[in-house]
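Okay, here's what each chain looks like letter by letter:
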Protein chains: 2
Amino acid sequence: MVAPELLQIAQQARAAAQKLVTLDTLAKNQALAAITEALQTQQAAILQANQTDMERSEQEELPMALLQRLKLSPDKLASNIQGVRDVMNLPDPVGQRQLHRELDAGLILERVTCPLGVLGVIFEARPEAVIQITALALKSGNAVILKGGQEATHSCQVLVQAIHRGLQGTAIPPTAVQLLTTRAEIQQLLELDQYVNLLIPRGSNAFVRYIQDHSRIPVLGHADGLCHLYIDQQVDIPQAMALAVDSKTQYPAACNAIETLLVHQAIAPEFLPPCAAALVAQGVKLRGDEATQKIIPVAPASEADWGTEYLDLVLAIKIVDSLETAITHINTYGSGHTEAIATTDAQAAAQFVAQVDAAGVYHNCSTRFADGFRYGFGAEVGISTQRLPPRGPVGLEGLVTYKYRLWGNGQVVATYSGDQAKSFAHRDLPL
Amino acid sequence: MVAPELLQIAQQARAAAQKLVTLDTLAKNQALAAITEALQTQQAAILQANQTDMERSEQEELPMALLQRLKLSPDKLASNIQGVRDVMNLPDPVGQRQLHRELDAGLILERVTCPLGVLGVIFEARPEAVIQITALALKSGNAVILKGGQEATHSCQVLVQAIHRGLQGTAIPPTAVQLLTTRAEIQQLLELDQYVNLLIPRGSNAFVRYIQDHSRIPVLGHADGLCHLYIDQQVDIPQAMALAVDSKTQYPAACNAIETLLVHQAIAPEFLPPCAAALVAQGVKLRGDEATQKIIPVAPASEADWGTEYLDLVLAIKIVDSLETAITHINTYGSGHTEAIATTDAQAAAQFVAQVDAAGVYHNCSTRFADGFRYGFGAEVGISTQRLPPRGPVGLEGLVTYKYRLWGNGQVVATYSGDQAKSFAHRDLPL
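Just so we're clear, the structure is a prediction, and the values are computed from it rather than from any experiment.

Thresholds, definitions, all that
- All chains use their own residue numbering, which begins from 1 and follows the written sequence.
- Each chain is given a letter, starting from A, and each ligand a number, starting from 1, according to the order in which they appear as written.
- For this predicted model, a pLDDT threshold of at least 70 governs which residues receive local features, and a threshold of 80 or more governs which side-chain atom pairs are given and counted, while totals over whole chains, interfaces and linings are taken from all residues.
- Only heavy atoms go into the side-chain values, all of them from the structure, while hydrogens and water stay out.
- By definition in these notes, contact holds between two residues if any of their heavy atoms fall within 4.5 Å.
- Here the buried area means the combined drop in accessible surface, using a 1.4 Å probe, for two parts upon being joined, counting both sides.
- By definition, a salt bridge exists where a carboxyl oxygen of Asp or Glu is found within 4 Å of a side-chain nitrogen of Lys or Arg.
- Polar contact criterion, stated in full: a pair of N or O atoms within 3.5 Å, where within protein one must be able to donate a hydrogen and the other to accept it, and residues adjacent in sequence count only if both atoms are side-chain atoms.
- Numbering of helices and strands runs from the N terminus, with a helix taken as a DSSP run of H or I at least four residues long and a strand as a DSSP run of E at least two residues long.
- When accessible area is computed with a 1.4 Å probe and restricted to protein chains, residues below 20% of their type maximum are described as buried, those above 50% as exposed, and intermediate ones as partly exposed.
- Domain start and end points were adopted from an automatic or database domain assignment.
- When the copies are superposed, the least-squares fit takes in the C-alpha atoms of residues with a pLDDT of at least 70 in both.
- The nonpolar core is taken to be a set of buried Ala, Val, Leu, Ile, Met, Phe, Trp, Tyr and Cys residues, with the residues joined through side-chain atoms within 4.5 Å.
- The criterion for strand pairing is that DSSP finds at least two bridges linking the strands in question.

**A look at the interface of chain A and chain B**
Moving on, step 1. Listed per partner, the contact involves 75 residues of chain A and 75 residues of chain B.
Moving on, step 2. Both sides together, the interface formed by chain A and chain B hides about 6000 Å², and carbon and sulfur atoms give 56% of it.
Moving on, step 3. Along the contact surface separating chain A from chain B lie 4 salt bridges.
Moving on, step 4. Close ionic contact of B:E397 with A:R111 constitutes a salt bridge, the shortest N to O distance being 3.2 Å.
Moving on, step 5. Along the contact surface separating chain A from chain B lie 52 residue pairs in polar contact (both at pLDDT 80 or more).

See below:
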């Protein structure tokens, strides 16, 4: 049962979305500029609200990692305001013509990108997510309902107040940005499939999976990041070692860090000792299957290890007898995020890239490149591990859909049916 | 609980999909050609099996409409074999490069279309769906698990046997095409989210919705087709009448036929009498709101009518006071399928096309154009009314996804991080 206040919020957001869908790029960028000014003007109030959240969270002895994410410094705020300006400079994802075809004289078909409508975004501690998400949502012509972590309530409220103040007098109604503040509202948000068109949960794997399983609303996000690096029998050993170290240690808590290293049995005796040494030097704790244990000193890996996302300086190692076995292992245990092969054998690389089923398949480079900014998307909404598009790092284009427009001057289908049926021209026009 | 036999079928299909993903266009087309030959060779056995299904269905006194759909004539079979040749001539949806970018020297990012994997297709009486779906699935590099209607069991079995015989000796393993024959297997198919990547239900609205609500597997399809034609105050009356007649009567059982006619109050007294006469002359039964009842003789329409897909020669009429009211009505009651405006006012058309939320928004043409063949897609998998892509008529491109491929020569992310971070080039290359 959805509370009347929440229903009203959803209806306001939908009405605002209806307005947003008509705005051009200039109008949306002017509104974003007004938001940056309001955020700058309200900087003191924002930092003070964040201080209130910090004090309460410290009293409640929340974990240090969470306190660090909660903390909004003047630098962090400034960098996020700059982030809004960066989004202004990105190409408008709305209004892109993807198809342009003359079906017959005077009957013109177009496929044009358009906003999704209303986004529901649920995030944890980081209050600056309010700024980032609002910028991405509005640039893509969508209204947004935000739900931040309980510990960031004051920060989020003051940030949204500043955003509302900024939007006053612009073409975007302030009702386009809505904030939920109680945990009970999350469950109700999941039921608003008449009003909310896409859910973007940002949080733990279990949280994302819960959202996916408890709403009819489509969900953009990834539940897991269980990535592998496979070392083929023909390999440049120093290069492959560097890839293993970077993929594991450059930022082990990231979803695109590897959890399992697969090594071809023919190269394992030569490769594993120096590679293990390099990894251990970076603080990595190694686990290995029986074959690995015969080559290097490692803790034993069990079946459970192949399906575990450590998100930490732990790496499981398995020796495989062939490229095919490696591919099967990855397609069985991988989460479809990012998978890499290190090899000098072009044919092995081609087979790996074709047969491994993941959003990203890499040859001779670190899995850590799986990221919207590194791909040149300018901004990242999230990384999707679902099979259907959008897949992989998703930029602004993940926040739009398309519609077909057909422009005629009285054409009816009867003309193109039956014995005397007129033929279609189906002539593609310049985009 | 999935039966062991079904699990084996799913595993065989997945293994076949793993093989299919490596095949080029020529290999797939050769296999399709072999299927056409086998179907031709087995024509007598196919027609005989269909005769068996027909006799049993006649004994069971199944409805005439269903018997007509079940009946496989030599002409129907020949036309479906020709349909396989048509699919051979369509461009291969796999291997299309959508993005090609140099992230840095020697680090090349591609986004390339690839098969989805295994399709689960559930259809009703028409046995020739086996032929059509198999051709589309294999051309797009997917394995397929088919479940036909109970009444078509013999026809489907002999068709699949012929397809298997055709695939012998081709690059596509016969296990790529699997047939389920019992109703109990449908429920189990919905649980195979580890093996099946897309469900395509073809049947009633209620059936499609049931599938959507009872599986974690993505579903391609539309639950409803509740379409509108809105007659604006500035309109070419004869043209608008022709659009109303075609949109309603050209094939009333189609999902893209209109169910409600919205008319601006300023034009209603002039428009409705001749338009009603033209519709009634085609056998259409009219229902109208109170304002309509004052202008023409119609049965009263109730609130329930605005949400009813008649799929029959029945049309509800409502008079609205403005373009905005029409848009709100459509966005409230429409199913997001296809919506049209008849007007000579370009600004009204632009507003309608921007603000109406549907897969297709049309100006001065019949809603009946919403169809993959009419759009020039060559083949149609179905029409999707969901908000996210794929939306509208879906061709072969709805049966593929994409993956990102990143080709390097040892690049690590550490190089592009920290104080000494190297910049990315992000230079787009020719597609």
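**Some words on the pattern of salt bridges**
Moving on, step 1. As enumerated under the stated definition, the model contains 24 salt bridges over all chains in all.
Moving on, step 2. Among the salt bridges present, the one from A:D357 reaches A:R391, with a minimum N-O distance of 2.8 Å. In this pair, A:D357 sits in the loop between α14 (346-355) and β13 (360-365) while A:R391 sits in the loop between β14 (382-384) and β15 (392-394), placing the two residues 34 residues apart along the sequence.
Moving on, step 3. On the accessibility criterion, A:D357 (25% relative accessible area) is partly exposed.
Moving on, step 4. Between B:K422 and B:D104 there is a salt bridge; the shortest N-O distance is 2.8 Å. Residue B:K422 is located in the loop between β16 (400-411) and β17 (427-428), and its partner B:D104 is located in strand β1 (residues 97-104); the two are separated by 318 residues in the primary sequence.
Moving on, step 5. The class of B:K422 is partly exposed, set by a relative accessible area of 42%.

**Topic: the domain arrangement of chain A**
Moving on, step 1. Along its sequence, chain A is carved into domain 1 (4-97 + 117-213) and domain 2 (227-369).
Moving on, step 2. Taking only C-alpha atoms into account, the centre of domain 1 of chain A sits 38 Å from that of domain 2 of chain A.

**Digging into the relation of the copies chain A and chain B**
Moving on, step 1. Least-squares fitting of chain A to chain B yields an RMSD of 0.1 Å, with the transformation described by 0.0 Å of translation along the axis and a rotation of 180°. Seen this way, the second copy is the image of the first under a two-fold rotation axis. For chain A, the smallest separation between a C-alpha atom and the rotation axis is recorded for A:P389, amounting to 3.9 Å.
Moving on, step 2. Mapped onto chain B, 100% of the interface residues of chain A again fall at the interface, so both copies present the same surface.

**A look at the nonpolar core**
Moving on, step 1. Core analysis: the largest hydrophobic core is formed by 76 residues, its most contacted members being A:L39, A:L138, A:I145, A:L146 and A:V196.
Moving on, step 2. No other element matches helix α6 (residues 129-139) of chain A, which puts 8 residues into this core.
Moving on, step 3. Look past the residues within four positions of A:I145 in its chain and what remains in contact with it is A:I9, A:A10, A:A13, A:V118, A:L119, A:G120, A:V121, A:Q178, A:L180, A:L189 and A:V196.
Moving on, step 4. Among the nonpolar cores identified, the runner-up in size contains 75 residues, and B:A49, B:V130, B:I172 and B:V196 belong to it.

**With respect to the pairing of strand β13 (residues 360-365) of chain B**
Moving on, step 1. Most of β13(B) sits inside the fold, with 6 of its 6 residues counted as buried.
Moving on, step 2. Across 5 bridges, the pairing between strand β16 (residues 400-411) of chain A and β13(B) is parallel. For A:L406, the partnering residue across the bridge sits in β13(B) and is B:Y362.
Moving on, step 3. Two strands pair when backbone bridges link them, and strand β12 (residues 338-342) of chain B and β13(B) are joined in this way by 4 bridges, in the parallel orientation. Within β13(B), the residue paired with B:A340 across the bridge is B:Y362.

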